[in-house]
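One-letter residues, chain by chain:
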Amino acid sequence: MSQTLVIVESPAKAKTIEKYLGKGYTVRASVGHVRDLPKSNKDAVDIEGGFIPHYIQSSGKEKVIKELRAEAGKADSVLLATDPDREGEAIAWHVAELIKDANKNQKRIVFHEITEPAVNEALKHPRDIDMHLKEAQEARRVLDRLVGYDLSGLIWKKVRYGLSAGRVQSPALRIIMEREREIRAFIPESYFVLSALTKTPSKTDLALTCSIEPREKDEAERIVKIGETHPWEIKNIKETEQKRTPRPPFTTSTLQQVASTRLGFSPSRTMGAAQKLYESGHITYMRTDSTTMSALAQKEILSLLTKEYGKEYVTARTYKTKSKSAQEAHEAVRPSNFSKRSAGMTDDQKKLYTLIWERAVSSQMADAIVKRTKIIANVTECSETIPDFSTNGSRIMFPGWLAVDTRARGEDTEVPKLNTGDKLSLTEMLSEGKETQPPSRYTEAGLIKELEKRGIGRPSTYASIMKTIIDRGYVEKVGKTLTPTDTGDLVSSFLEEHFAKYIGDDFTSEMENELDEIANGTRGYTETLTEFYTPFSAAVAAKEHIDKITNLGAGPEEFPCPTCGSGMVIKLGRGGKFLSCDTYPVCDGARMIDGSQIKDDEPLGRHPETGEDIFLLNGRFGPYVQLGPTPEKIKGKKSITPKRASVPKEKSVADVTLEDAVHYLILPRELGLHPETQEPIIANTGRFGPYIGHVGDFRSLKGDDTPYIISFERALEILKEPKKMRSGEKLLKEVGLHPKTKKMLKVFESKSGRYMKRGFARIWLPDETDVAKFSVEDALALLTKK
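Everything in this summary refers to the structure shown in the same document. (Residues numbered from 1 in each chain as written. Predicted model: local features only at pLDDT ≥ 70, side-chain atom pairs only at ≥ 80, totals over all residues. Heavy atoms only, no water.)

## Let's talk about the side chain of arginine 35
Point 1. Of note, arginine 35 is situated in strand 3 (residues 35-36).
Point 2. The side chain of arginine 35 sits in the buried core without any salt bridge; glutamate 97 is the nearest counter-charge, 4.8 Å away.
Point 3. In terms of polar contacts, arginine 35 uses its side chain to reach the side chain of histidine 94, at 3.0 Å.
Point 4. Excluding residues that lie within four positions of it along the chain, arginine 35 makes contacts with Tyr55, Ile56, Gln57, Ser58, Trp93, His94, Glu97 and Leu98. (Helix = DSSP H or I, 4+ residues; strand = E, 2+ residues; numbered from the N terminus. Buried < 20%, exposed > 50% of the residue type's maximum accessible area, 1.4 Å probe, protein only. Lys, Arg positive; Asp, Glu negative; His and termini not counted. Salt bridge = Lys/Arg side-chain N within 4 Å of Asp/Glu carboxyl O. Polar contact = N/O pair within 3.5 Å; in protein donor to acceptor, adjacent residues only side chain to side chain. Contact = heavy atoms within 4.5 Å.)

## A look at unusual backbone geometry
Point 1. In this structure, proline 585 follows tyrosine 584 across a cis peptide bond, with omega equal to 15°.
Point 2. With respect to the helices and strands, proline 585 occurs in the loop between strand 18 (576-581) and strand 19 (590-592).
Point 3. The phi torsion at phenylalanine 51 lies on the positive side, around 60°, for a residue other than glycine.
Point 4. Among the secondary structure elements, phenylalanine 51 is positioned in the loop between strand 4 (45-46) and strand 5 (52-53).

## Things to note about helix 18 (residues 712-720)
Point 1. Within helix 18, the full set of buried residues consists of Ala715, Leu716, Ile718 and Leu719. Axial view of helix 18: buried residues confined to an arc of 160°, hence all on one face. Of the residues in helix 18, the exposed ones pointing more than 90 degrees away from the buried face are Glu713 and Lys720.
Point 2. Of the surrounding elements, those touching the buried residues of helix 18 are strand 24 (669-673), strand 25 (680-686), strand 26 (689-694) and strand 27 (697-700). (Arc of directions from axis to C-beta.)

## Section: helix 14 (residues 486-498)
Point 1. The end-to-end C-alpha distance of helix 14 is 18 Å, a good match for the 18 Å that 13 residues give at a rise of 1.5 Å each.
Point 2. By the burial criterion, the buried members of helix 14 are Thr487, Gly488, Asp489, Leu490, Val491, Ser492, Phe494, Leu495 and His498.
Point 3. Packing partners of the buried residues in helix 14 comprise helix 5 (131-158), helix 6 (169-185), strand 17 (568-573) and strand 18. (Expected span 1.5 Å × (residues − 1).)

## Regarding the sheet that holds strand 17
Point 1. Taken in spatial order, the three strands make up an open sheet running 17-18-19, and their pairing is antiparallel. For this open sheet the edge positions go to strand 17 and strand 19, each flanked by a neighbour on one side alone. Within this sheet the neighbouring strands show an average axis-to-axis angle of 35°, counted without direction.
Point 2. Where strand 18 and strand 19 come together, three bridges link them in antiparallel fashion. Counted as the bridge partner of serine 580 is alanine 590 from strand 19. (Pairing = 2+ DSSP bridges. Axes fitted to C-alpha atoms, helices over the stretch in contact; angles between N-to-C directions.)

## Comments concerning the sheet that holds strand 24
Point 1. Strand order in the open sheet formed by four strands is 24-25-26-27, and the pairing between neighbours is antiparallel. Every other strand in the sheet has two partners, leaving strand 24 and strand 27 as the edge strands with one partner each. Across the sheet, the mean angle from the axis of one strand to that of its neighbour is 25°, orientation sign disregarded.
Point 2. Bridge analysis of strand 24 against strand 25 gives four bridges, and the strand direction is antiparallel. Across the sheet, residue leucine 673 finds its bridge partner in strand 25, namely proline 680.

Written as structure tokens, this is what we have:
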């Protein structure tokens, strides 16, 4: 019997596919990318030779590649079954290049859902690797490297070391900053919201709102006075029936947007859960611009709806994809089997699957019929006129698709049964002064929608764009909103001033279109990169002689230098903006950006218990308090770091008192020894907020639990609660304490197998390991061996 090796990206996907293939097939995983460009070497791309990338083997993939070569050598043929998009095509090509010496009989197969029919159908249609798709992905990777390398290098020289820019991340940051400048420039205007609280003839309460919001207080008072001194009646009642049409099935973009709005998921969290659902065979491929569904999937939905809801709820619909670049996959994101109402291993996966199921099924349902009622009232027997007052009601007459997508329904708002001419008795007139609000900052969902609207990025890039601008410290996520930091403001302003063309909408969108043309085979790889890079590199070179940005402008006049009395300028440090003496380095006087002064050499006072001085200082991560002076650095000797504690973000430096500092310095607190391990439980605040910790088990504190007051007993309760694992991960066994670090050694399990953790790396247990008998000694031997 001939043997065929099937290569996919992930072990989870491999396990799912293996169930569908019979004898004669071996399925192995490349575990993602196997080759990439060197991280920090511009010579990774031979520009003069035609933008030829020089790839290196991905770190840690030696064992995987060795296994793939060995399996390829034993097989009669190889099928490359990586994901059905450009990135998947590129991975297939890299794998093919690495194993071609072992087996040249290679073909490519693709499927958009991991089900038995889809896999078997793909086996009937093997093809060669699509070099156009591979080149489109390669062009994106090379473009991103060249832009990032050249712009980041210039920013290091002219702004500050360690900052970066990117071909797609920088336009996204610019969009956020444009909105921020609108907010800063916004001038609020006053207006008045007027309400009339009335009772109907049947004594039912009826609240009415004025149709006009007066800007002038005199006009508001005039309307209120007339309303209070004249009788009221119903002037008109308007009733209309409206249809609400279902939404199309999810694309990558709309899935991320709705998951953010309804579930509170970040784009990367959404895509992580979707990836697992796809690999397990529950949904179609999750990176797609398309809203279409196969005829087979549509037929399955229509049958289900007819059976469960009746024919009146069924309307077969075909959705046309709005995106002209819908090339990532052939179908929308939908369930693979609509009879499954729930699927997934984790809570995240189950919630996301339900969202996908409801959206896909409801897309083939009848319109909802909504009855809307508007009641209009005004005063009578008055020589002066005032605007109408009204109230609105709505009621679902026929739910249609809302019977499935219930979260899109909203609440019915009933209004009393009234007739034109009915008299109303006034209870109270209200006038509430308000101010107009600036435009809202973007949420992740809103920014993805805006990027898609402007043609910036593609389905596979949205999550990474969000993650990059947050991880780089250019944007902070405050609640659901994205707020630019001082660093993000400076970087974006620099790029907008000097490279407006290259981070503009038109250029970025057009570049995406050109990448699409490479994928379609209508445009060449080399010509595209040459046309871009020749003027771009010249533009970067032209900025080499501009002055370095040493300050961000003059500081407020009311805050002179605290040391010499000179003026101050705004500068950017690692902790954000601050005020520096304009004669620096002659004078090193400084203030916080709010004008408050930190006097490093003047203590706030003495600690009541130790008698040591407490200083208020400013560091790379912001202001902090320190117990005792900073020791002098002696070359060759390690100095002891004094006890320090951060000043909470919401606390103004000018308001920090000695009592506050003493309070902050109680962290980290040792709450007591754990009764089982006799190891300490500590409470502290770290980079990700307040937490408690015990031998490597860290739990975030929320609500009323704070590290300053949490009790030993409460900490034990929290530690007893099951810890939430990563998506698809569960704790299999606590083996015992490491003899040196005193951290608990643990064995975890996911769909890919069983493993231990060392930092961020997974150390896989051999398949034959008996976990029940797995000891501390076995764990140490495994960790040492690896």
